[in-house]
Amino acid sequence: MTETVSRRLFTLPIRASALLLAAAALVACHKPAATEEPIRSVKVMTVGASAFGTEPEFSAEVKPRIESRLGFRVAGKLTKRQAEVGQQVKAGQVLAQLDPQDYRLAAEAARAQLAAATTNRDLAAAHLKRYKELRDQNFISGADLENRENTFKAAQAQFEQAQAQLSSQGNQASYTTLVADVSGVVTAIEAEPGQVVTAGMPVVRIAQDGARDVVFSVPEDRAALVKVGSPVAVRGWSDEREIEGTVREVAASADPVTRTYTVKVAIDAAKSPPLGSTVYARPKSLSHSGVAVIKLPTSALRQDGMASAVWVLDKNTMTVRSQPVQLATADGNEAVVAGGLAPGMLVVVAGVHVLQPNQKVTLYEPKVISAPAAPSQREVRALGTSAAGATR
């Protein structure tokens, strides 16, 4: 009997432990109580139409209407270059020179050939004159006279050939001096003294005085809207001064690399910024200024799958729902909405990434911090008295 009692006392803690484990398992099987989603405060704006304020503006460069690349008409070694970048030159001014020695020698040789041809022609003319006199006296036959006439004609042809050769060689020698054919400013130097250049190789680049162009590029979808003769406002980068221009030329084909179309705008040369200046061009034909559109701050937009969307507030239930929108373009820091919204809707503009469909929200009200009351004159005097006592 004593043994039975001892056995029961030993198994009692084991059973109690088993009961505790079973209770813990039952508690673990129950789902935890669902926590309520907090009601978030949101900022909203009322959708309404407003005027489109931004005009498309393109970065442009001031370029000359005509820019010439001047080179020598003969080959040779460049010995001297008088032109410098940025130099203002006049028509007829010497820009560079080649070594003329070879061309001078060729001209001397042509001059000697002309002298020999002149002597032959004069001799043939003298013989022809004498043979004519002999023929008149019937001392020679007509065939002999005809031979002398042919000899004179050949000598005359050689004389004319040598004369033309001398003229050509003289021109070749003069071509060793490069002169400006127009007045303008030197924009580039493409050869240096000591360099051997070929005929026609560009040596000096000159921007001709006169009309100036503002050149910029537009994308393919807008090129058809820019018409020749349409006005363009040109704004300087540094002085902010506006110049009125007119579209002079639109490229017939797109650039093979950028796929954009080059537009040239004619401006008044007297008001033109310096060549190469960066300016901004605003084509009037691309302007939508004043058109009524729906605009939203970019903070209101979010990505819903492959589409853009916003949260629209239902004021009756104070819940939000997702509304897909179609975007057209940007106006400054705001997005222009092409579809999906109507005037009067309430759109959430802050905290859009923490909301869920049909979530309860409240309208955000900014806290007003009250300014501390100004101390009375009595308090100010008391402070002054205390400070004076502490000094003593």
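Per an unreviewed UniProt entry, the chain carries the name Efflux RND transporter periplasmic adaptor subunit and comes from Variovorax robiniae. What the UniProt record of the chain gives under Sequence similarities (unreviewed entry) is the line "Belongs to the membrane fusion protein (MFP) (TC 8.A.1) family."

Novice: Account for the pattern of salt bridges, naming residues and giving values.
Specialist: The full count for this structure, using the stated rule, is 12 salt bridges. Residue Arg235 is joined to Glu57 by a salt bridge in which the shortest nitrogen-to-oxygen separation is 3.0 Å. On the criterion of sequence distance, the pair formed by Arg235 in strand β13 (residues 231–236) and Glu57 in the loop between β2 (49–51) and β3 (58–64) is long-range, its members being 178 residues apart. In this structure, the salt-bridge partner of Arg111 is Glu108, at a minimum N-O distance of 3.0 Å. Here Arg111 and its partner Glu108 are both found in helix α2 (residues 101–136), 3 residues apart, which amounts to about one turn of the helix. For Arg111, a relative accessible area of 41% puts it in the partly exposed group. Taking relative accessible area as the criterion, Glu108 reaches 48% and is therefore assigned partly exposed. Connected via shared salt-bridge partners are Glu57, Arg235, Glu242 and Arg282.

Novice: Hey, could you go over the environment of Pro283 for me, with residue numbers and the actual values?
Specialist: Its location among the elements puts Pro283 in strand β16 (residues 278–283). For Pro283, a relative accessible area of 1% corresponds to the buried category. Placed 52 residues apart in sequence, Pro283 and Pro231 show a C-alpha to C-alpha distance of 6.5 Å. When neighbours within four sequence positions are excluded, Pro283 is seen to be in contact with Pro56, Phe58, Phe216, Pro231 and Val232.

Reading guide: rules and limits
- The numbering scheme is per chain: residues are counted from 1 as the chain's sequence reads.
- Given that the model is predicted, a residue must reach a pLDDT of at least 70 before its local features are reported, and side-chain atom pairs must reach 80 or more before they are shown or counted; all residues, however, enter totals for whole chains, interfaces and linings.
- With hydrogens and water stripped out, all remaining heavy atoms of the structure feed into the side-chain values.
- UniProt positions are given in the numbering used here, feature names are shortened, and annotations may be inferred rather than shown by experiment.
- When a carboxyl oxygen of Asp or Glu is within 4 Å of a side-chain nitrogen of Lys or Arg, the pair counts as a salt bridge.
- Per the convention used, a helix needs a DSSP run of H or I reaching at least four residues, while a strand needs a run of E reaching at least two, with both numbered from the N terminus.
- When accessible area is computed with a 1.4 Å probe and restricted to protein chains, residues below 20% of their type maximum are described as buried, those above 50% as exposed, and intermediate ones as partly exposed.
- Pairs of residues are marked as contacts when any of their non-hydrogen atoms sit within 4.5 Å.

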